[in-house]
Amino acid sequence: MEFSRIFLFSCSVLLLCSSLAYGQAKSPPAPVALTPTPTPAPAPAPEHVNISYLLSVAGPFNTFLDYLESTKVIDTFQNQANNTEQGITIFVPKDSAFKNLKKPSLSNLTADQLKQVMLFHALPKYYSLADFNDLSSKGPVSTFAGGQYTMNFTYKAGTVGLDSGWSITKITSAVHSTDPVAIYQVDKVLLPEAIFGTDIPPMPAPAPAPDVSPSADSPADDSKDSNSPKSSPSKSSSHRIMNLGICSQLILAVLGGVVLLF
């Protein structure tokens, strides 16, 4: 009886030890430290485009830039270029274009009209040169001045033509053409019909061809010579030859008669 108690007690101790050992073996592993996923860097902000700087260093556009600054239109263009998704396209006349502009003159415009003329030189969207191929088939295109300030475009063999109603010109070079800003050089100041009306001055007549005097051996000269007094010497010489012939015949006749007498 005593032996069975000892046996049961021993089995209980062994069972308890084995359960403790099994629990320790099945204990969960220590947690693994997780590496945090790096946050992607924000996209860089688009580069600020300074239109005043581009016009001042790109070419002879000082007169146009002066008008933009005096009318505060440069601020409107800057805001459109850097704070909108559409971008801007600007047509810039050279300084010589303003010097050749004598009639009509910009000096007779009001401050508001001059501002509208400057706004008329831009489109409220970025257009590459290739985009004008589709733009030319859409008819009149609204400019930055809005309303009835429209312009027509043509596209032929890569050349872009502009027709403002008063001014017909073309793009001669690309000053800057990187989205969102396109600046193109033109040879004439763009004058809208909304301000200057439809009384477009006529094109100057071509210069007359220089008078070319006929050459000395032309038929006209021969006819003039035949009617001129210079023909009289030829007639007098022929008369002299005839008179000499008659005189020689008379002399021969006289000499023949003298011979017969003797």
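Residues numbered from 1 in each chain as written. Predicted model: local features only at pLDDT ≥ 70, side-chain atom pairs only at ≥ 80, totals over all residues. Heavy atoms only, no water.

An unreviewed UniProt entry lists the protein under the name FAS1 domain-containing protein, with Corchorus olitorius as the source organism. Under Sequence similarities (unreviewed entry), UniProt gives the following word-for-word description of the protein: "Belongs to the fasciclin-like AGP family." (UniProt positions renumbered as here; feature names shortened; annotations may be inferred.)

Draft legend 1. Region of the structure containing unusual backbone geometry. Cis peptide bonds are those with omega within 30 degrees of zero, and the linkage from D179 to P180 qualifies with 20°. Inspection of the secondary structure assignment puts P180 in the loop between β6 (168-178) and β7 (181-186). Phi is positive for K72, close to 65°, though the residue is something other than glycine. Of note, K72 is situated in the loop between α3 (62-70) and α4 (73-83). A relative accessible area of 54% places K72 in the exposed class. Residues other than glycine seldom take positive phi values, yet A157 does so here, at roughly 55°. By secondary structure assignment, the location of A157 is in the loop between β4 (150-156) and β5 (159-163). Look at A157 and you get exposed, because its relative accessible area is 82%. (Helix = DSSP H or I, 4+ residues; strand = E, 2+ residues; numbered from the N terminus. Buried < 20%, exposed > 50% of the residue type's maximum accessible area, 1.4 Å probe, protein only.)

Draft legend 2. Up close: the side chain of S167. One can find S167 in the loop between β5 and β6. Side-chain polar atoms of S167 contact the backbone oxygen of V189, separated by 2.6 Å. Of the polar contacts made by the side chain of S167, one reaches the backbone nitrogen of L191; its length is 3.4 Å. The residues touching S167, leaving out its near neighbours within four places in the chain, are L162, V189, L190 and L191. (Polar contact = N/O pair within 3.5 Å; in protein donor to acceptor, adjacent residues only side chain to side chain. Contact = heavy atoms within 4.5 Å.)

Draft legend 3. Quick peek at the packing of aromatic side chains. Taken as a whole, this structure holds ten aromatic pairs when the rule is applied. What links up through ring pairs into an aromatic cluster is the set F91, Y127, F132, F153 and Y184. (Phe/Tyr/Trp six-rings, centres within 6.5 Å; stacked < 30°, edge-to-face > 60°.)

Draft legend 4. The arrangement of the packing of helix α2 (residues 51-58) against α3 in detail. The geometry of α2 relative to α3 is characterised by a closest axis approach of 9 Å and an angle of 160° between their N-to-C directions. Our classification of the angle between α2 and α3 gives roughly antiparallel. Judged by the sense of rotation from one axis to the other, the crossing of α2 with α3 is left-handed. Counting all contacts with α2, which are made through S52, L55 and S56, the residues of α3 involved are F64, L65, L68 and E69. When its residues are assigned to classes, the contact of α2 with α3 shows four nonpolar, two polar and one charged. (Axes fitted to C-alpha atoms, helices over the stretch in contact; angles between N-to-C directions. Parallel < 35°, antiparallel > 145°, perpendicular 65-115°, else oblique. Left-handed = near helix turned anticlockwise from the far one by under 90°. Nonpolar A, V, L, I, M, F, W, Y, C, P; charged D, E, K, R; others polar.)

Draft legend 5. Region of interest: α4. Looking only at α4, the buried set comprises V73, I74, F77, Q78, Q80 and A81. When α4 is viewed along its axis, its buried side chains cluster within an angular range of 165° and face the same direction. Taken together, the buried residues of α4 touch α2, α3, β1 (88-93), α6 (111-119), β2 (122-123) and β7. (Arc of directions from axis to C-beta.)

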